[in-house]
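Tertiary structure, described
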Amino acid sequence: MTSPVLIQPVVLSGGSGTRLWPLSREKYPKQLLPLMGTDSLLQATVRRVDGIANLDMAPPMVVCNEEYRFVIAEQLRLLGKPGTIVLEPFGRNTAPALTLSALAAIKNDADPVLLVMPADHVITDIGAFQSVVSQGARLAFDGAVVTFGITPDAPETGYGYIQSGAAYAGKSGTPDANARLMARFVEKPDLATAQGYLAAGSYLWNSGLFMLRASVWLAAMNTCRPDILAACESAWRQGSTDGEFVRVGKDAFAQCPSDSIDYAVMERIAAGASKSDAGAPGLPIGVVIPLTAGWSDVGAWDALWQVLPKDACGNVSQGDVLLQDCENTLALSEGRLIACVGVSDLVVVETVDAILVAHKDKTQDVKKIVDRLKQQGRSEGIIHRKVFRPWGWYDGVDAGERFQVKRIVVKPGGTLSLQMHHHRAEHWIVVSGTARVTCGDKAFLLSENQSTFIPLGTTHRLENPGRVALEMIEVQSGSYLGEDDIVRFEDMYGR
């Protein structure tokens, strides 16, 4: 490998992060949140590959649900890293997601090394991460499937494990530093088993990070899961491209089985590998490289507490928080004051519509609260009060039996769809900025402190023609106020 290797970063942005409720919601999951600084977890994942020596880094490729497409596109734009966003009409786990990525990567007869990264993980030692990526790139370029195993520091029962085997020599015949054959993938163990793994010294946590050529993955899928490969190929052929968005065929992808990268391929590679350099029959060689880089999958609030900076008493606080005589407590406020006195090992999270109080040892059970909210048909388990749209956002400030009040912010150049409602009328009041309003056959401008009325059943549109954000108050009134009471006639965002 004498010239720079083309690396295609692939960011898998699935999952809903229910254990980080109430910050993470189904419609706005944890990877889109700035839990570790100003970048969202997704943005931090994309930024993590900047500046790796001797690697030619392609623009990022993100695989995500269609619902997140505009938020993710905006987050990439803010980084100055527009890339390809592959849209899944349904969640089918990580093996189909990676297969779609590989098909996208080879479309111009290229065969890059895919650097596969979950969007919702934290890595604090970027230098250590980039060092193992450079090492993994050499091995993946030569045809190996490389995964990075996290060096364990505790008998963790919440992670899967990878057992490392014999040293891997590679094409050079000289063992590569720290690289070893994958001997076994194992699922989340009980405590006694995890303690045994830690004592053995040959087991690493399964990070979900991989490097491999696109063609190598497709060949492995053809051997292990030809049904998934066939469904993805069919969906890809039926797909279309809309700017940075790549849509696959919905009907074909609906037939795709669901499976993970580990179950579909990695476990089979490890199960068939011998202690020599020979991989499983018909499959590539699997290699694991240890990684010690402050990694966390931030799977629950206790995991976030572990990776955030703490005060002298082990407390983490963000937002408007006062702590008195507290220890090992995590307190996050989005707006209102949180005051804690004489408590320890608690998690307190405040949002505008929900407050979580949990013992740090029970944070895995937050998912049960989300399940109950959904069973009761409550919106707090699914969506935030503040909802992001491609044109800006709105915040549901108040609601009653026949009315609803929203604060609406439209970014410069933003345009809502030309639409109509069957069951509600709307009053619009401009707080700041300039609005261009279409109401029936009339079009006019509104400026600060001006207002207008949109009668029920009238075709209308709201636009921001200015260079600053348009902020409005909208009062809806009528017999039904649901978001599904929208008939769209024109929409620049293709909804």
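Remember, predicted model here, so these are calculated numbers, not experimental data.

About the thresholds
- Residues numbered from 1 in each chain as written.
- Predicted model: local features only at pLDDT ≥ 70, side-chain atom pairs only at ≥ 80, totals over all residues.
- Heavy atoms only, no water.
- Pairing = 2+ DSSP bridges.
- Helix = DSSP H or I, 4+ residues; strand = E, 2+ residues; numbered from the N terminus.
- Axes fitted to C-alpha atoms, helices over the stretch in contact; angles between N-to-C directions.
- Parallel < 35°, antiparallel > 145°, perpendicular 65-115°, else oblique.
- Contact = heavy atoms within 4.5 Å.
- Nonpolar A, V, L, I, M, F, W, Y, C, P; charged D, E, K, R; others polar.
- Salt bridge = Lys/Arg side-chain N within 4 Å of Asp/Glu carboxyl O.
- Buried < 20%, exposed > 50% of the residue type's maximum accessible area, 1.4 Å probe, protein only.
- Core = buried A, V, L, I, M, F, W, Y, C linked by side-chain atoms within 4.5 Å.
- Left-handed = near helix turned anticlockwise from the far one by under 90°.
- pLDDT = per-residue confidence, 0-100.
- Disulfide = S-S within 2.5 Å.

**Let's talk about the sheet that holds strand E17 (residues 330–333)**
- On the basis of which strands lie adjacent, the open sheet formed by 4 strands has the order E15-E17-E19-E20 and mixed pairing. The sheet terminates laterally at strand E15 (316–318) and strand E20 (355–359), the two strands that pair on one side only. Averaged over all pairs of adjacent strands, the angle between strand axes in this sheet comes to 5°, irrespective of strand direction.
- Pairing of strand E19 (residues 346–350) with E20 involves 5 bridges; the strand directions are antiparallel. From the neighbouring strand, Val349 faces E20, where its bridge partner is Leu356.

**Points about the packing of helix H6 (residues 214–224) against helix H7 (residues 226–237)**
- Running from amino to carboxyl end, H6 crosses H7 at an angle of 125°, the nearest separation of the two axes being 6 Å. Judged by the inter-axis angle, H6 sits oblique to H7. Across from Leu218, Met221, Asn222, Thr223 and Cys224 in H6, the residues of H7 making contact are Pro226, Ile228 and Leu229.
- Partitioning the contact of H6 with H7 into residue classes produces 6 nonpolar, 2 polar and no charged.

**Comments concerning the pattern of salt bridges**
- The final tally for this structure, using the stated rule, is 23 salt bridges.
- Linking Arg407 and Glu471 is a salt bridge whose minimum nitrogen-to-oxygen distance equals 2.8 Å. A residue pair is termed long-range when its members are at least 10 positions apart, and Arg407 in strand E23 (residues 403–410) and Glu471 in strand E30 (residues 470–478) qualify at 64 residues.
- Since its relative accessible area comes to 21%, Glu471 is described here as partly exposed.
- The network of salt bridges with common partners includes Glu74, Arg77 and Lys411.

**Comments concerning the nonpolar core**
- Counting residues in hydrophobic clusters, the biggest one holds 94 residues, and the most contacted among them are Ile72, Met211, Trp301 and Leu462.
- Setting aside residues up to four positions removed in sequence, Ile72 forms contacts with Ser13, Leu32, Leu42, Val62, Cys64 and Ile85.
- Formed by 47 residues, the second largest nonpolar core is a distinct cluster that contains Ala104, Leu114, Val116 and Cys224.

**Looking at the side chain of Thr329**
- Residue placement: Thr329 occurs in the loop between strand E16 (321–324) and E17.
- Discounting chain neighbours no more than four positions away, the residues touching Thr329 are Trp305, Gly314, Asn315, Val316, Val343, Ser344, Asp345 and Leu346.

**Notes on the packing of helix H3 (residues 94–105) against H6**
- Two elements in contact, H3 and H6, have axes whose closest approach is 9 Å; the angle formed by their N-to-C orientations is 130°. Between H3 and H6, the angle is such that the two are oblique. When the axes of H3 and H6 are compared, the crossing they make is left-handed. Packed against H3, whose contacting residues are Ala95, Leu98, Thr99, Ala102, Leu103 and Ala105, the element H6 presents Ala214, Trp217, Leu218 and Met221 at the interface.

**Here's the deal with the confidence of the model for the protein chain**
- A residue-level look at the protein chain finds 96% of positions with pLDDT of 70 or above and a mean pLDDT of 92.
- Taken together, the stretch residues 274–278 has pLDDT below 50 and engages in 11 contacts with residues farther than four places along the chain or on a different chain.

**A look at the sheet that holds strand E21 (residues 386–389)**
- Read from one edge to the other, the open sheet built from 6 strands follows the order E21-E22-E23-E30-E25-E28, with strand pairing classed as antiparallel. Strands at the two margins of the open sheet, each flanked by one partner only, are E21 and strand E28 (451–454). Neighbour-to-neighbour, the strand axes of the sheet open up by a mean angle of 20°, direction not taken into account.
- Of the strand pairs in this sheet, strand E25 (residues 424–432) and E30 are connected by 8 bridges, and their pairing is antiparallel. Note that in E30 the partner of Trp428 across the bridge is Glu474.

**Here we look at the state of the cysteines**
- Summed over the entire model, instances satisfying the criterion amount to 0 disulfides.
- Between Cys224, a cysteine without a disulfide, and Cys232, which holds the nearest cysteine sulfur, the sulfur-to-sulfur distance is 14 Å.
- Cys224 sits in the buried class, given a relative accessible area of 7%.

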